[in-house]
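Structural features, examined
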Amino acid sequence: MAWSTREIAELAGTSLRAVRHYHDVGLLAEPERRSNGYKQYGVAHLVRLLRIKRLTDLGFSLSQIAEMGEADDHPEEALRTLDAELATTIERLQRARVELNLILRQSAPTDLPREFAPAAKKATLSDADRSLVVVMSRVLGPQGVQAYSDMLQDMPPDPMSAEFDALPADADDAACRALAERTAPFVRELYREFPGLHKANVDAPSGLRFARETMGKAIVDLYNPAQINVLVHLEQILVADPMPQPEDEETP
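This section reports on the structure supplied with the text.

Calculation rules
- Residues numbered from 1 in each chain as written.
- Predicted model: local features only at pLDDT ≥ 70, side-chain atom pairs only at ≥ 80, totals over all residues.
- Heavy atoms only, no water.
- Helix = DSSP H or I, 4+ residues; strand = E, 2+ residues; numbered from the N terminus.
- Contact = heavy atoms within 4.5 Å.
- Areas by Shrake-Rupley, 256 points an atom, 1.4 Å probe, with all protein chains shown as cover.
- Buried < 20%, exposed > 50% of the residue type's maximum accessible area, 1.4 Å probe, protein only.
- Axes fitted to C-alpha atoms, helices over the stretch in contact; angles between N-to-C directions.
- Parallel < 35°, antiparallel > 145°, perpendicular 65-115°, else oblique.
- Left-handed = near helix turned anticlockwise from the far one by under 90°.
- Nonpolar A, V, L, I, M, F, W, Y, C, P; charged D, E, K, R; others polar.
- Core = buried A, V, L, I, M, F, W, Y, C linked by side-chain atoms within 4.5 Å.

1. Observations concerning the overall build of the protein chain
Scanning the protein chain from terminus to terminus reveals 12 helices and 2 strands. Each helix and strand of the protein chain, placed in order from N terminus to C terminus, yields the pattern α-α-β-β-α-α-α-α-α-α-α-α-α-α. Considering only contacts within the protein chain whose residues lie at least 6 apart along the sequence, 63% involve residues at least 24 apart. A total accessible area of about 16100 Å² is found for the protein chain, and carbon and sulfur atoms account for 53% of it.

Here it is, written out as structure tokens:
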């Protein structure tokens, strides 16, 4: 019994292109040719082709199949390795489905991590602020993420946010400092209401210095020069009159 390339491809449930590719990569031996030059495949080719298809359907790569050789024995080690890989993939996909369901139920933006998405949406952040939150999620530890998530979830309206967002890049230093002075009381109130912000950086996975440097680079990239000047003045104001840390407060 001999089959043409098209016939053996149909018998194996694969394509002509796949059969030719298996020849090219050395997985399937070249068959003899008839006198007219056409290939003639036998039962051994069909069995081998069916095995290749079976293994690829299970999830083996062609390189893994090549490592198994042409023996039709039971590749237990390779099967167990693949089973472990598939278990990891299934777990990852299940987590992805949980997160997708959360995004769909909350109509949350997809660019924000799960911990921040509901709170950030409620806080109606500007595009720049939202991008900053994304960067924060990559450098803060669980404690910091929770602190900022809590703040965003229940943050009162910032009376200066619209003015800050609309601040032109060429605003003079006096205007920037004035805006910082008007913003300082709101920031102080946030730290009083959400004391976790005082220690938001303490469990940063790559360290406090890396977190601050990364956040600084993000701020420079996201905000215009005048807005950055406001933030500099704001920090100077807060440092000049530091807020009490939670542990410094007297216990009733």
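2. Some thoughts on the environment of Arg130
Within the secondary structure, Arg130 is located in helix α7 (residues 127-139). Note on Arg130: relative accessible area 29%, which makes it partly exposed. Along the chain, Arg130 and Phe116 lie 14 residues apart, while their C-alpha atoms are 9.7 Å from each other.

3. Some words on the packing of helix α10 (residues 173-193) against helix α12 (residues 225-240)
One can describe the packing of α10 onto α12 by two numbers: an axis separation of 8 Å at closest approach and a directional angle of 55°. For the element pair α10 / α12, the angle class is oblique. Remark: the crossing between α10 and α12 carries right-handed chirality. Where α10 approaches α12, its residues Asp173, Cys176, Arg177, Leu179, Ala180, Glu181, Thr183, Ala184, Val187 and Arg188 are matched on the opposing element by Ala226, Asn229, Val230, His233, Leu234, Gln236, Ile237 and Leu238. Broken down by class, the residue content of the contact of α10 with α12 amounts to 10 nonpolar, 4 polar and 4 charged.

4. A closer look at the nonpolar core
Counting residues in hydrophobic clusters, the biggest one holds 35 residues, and the most contacted among them are Leu132, Met151, Leu167, Cys176, Leu179, Val230 and Leu234. Listing elements by their share of this core, those giving two or more residues are α7, α8 (142-154), α10, α11 (208-222) and α12. Tallying contributions element by element places α10 first for this core, with 7 residues. Sequence-distant contacts of Leu132, defined by excluding residues within four places in its chain, comprise Met215, Ala218, Ile219, Leu222 and Tyr223. Membership of the second largest hydrophobic core comes to 18 residues, among which are Trp3, Ala9, Ala18 and Phe60.

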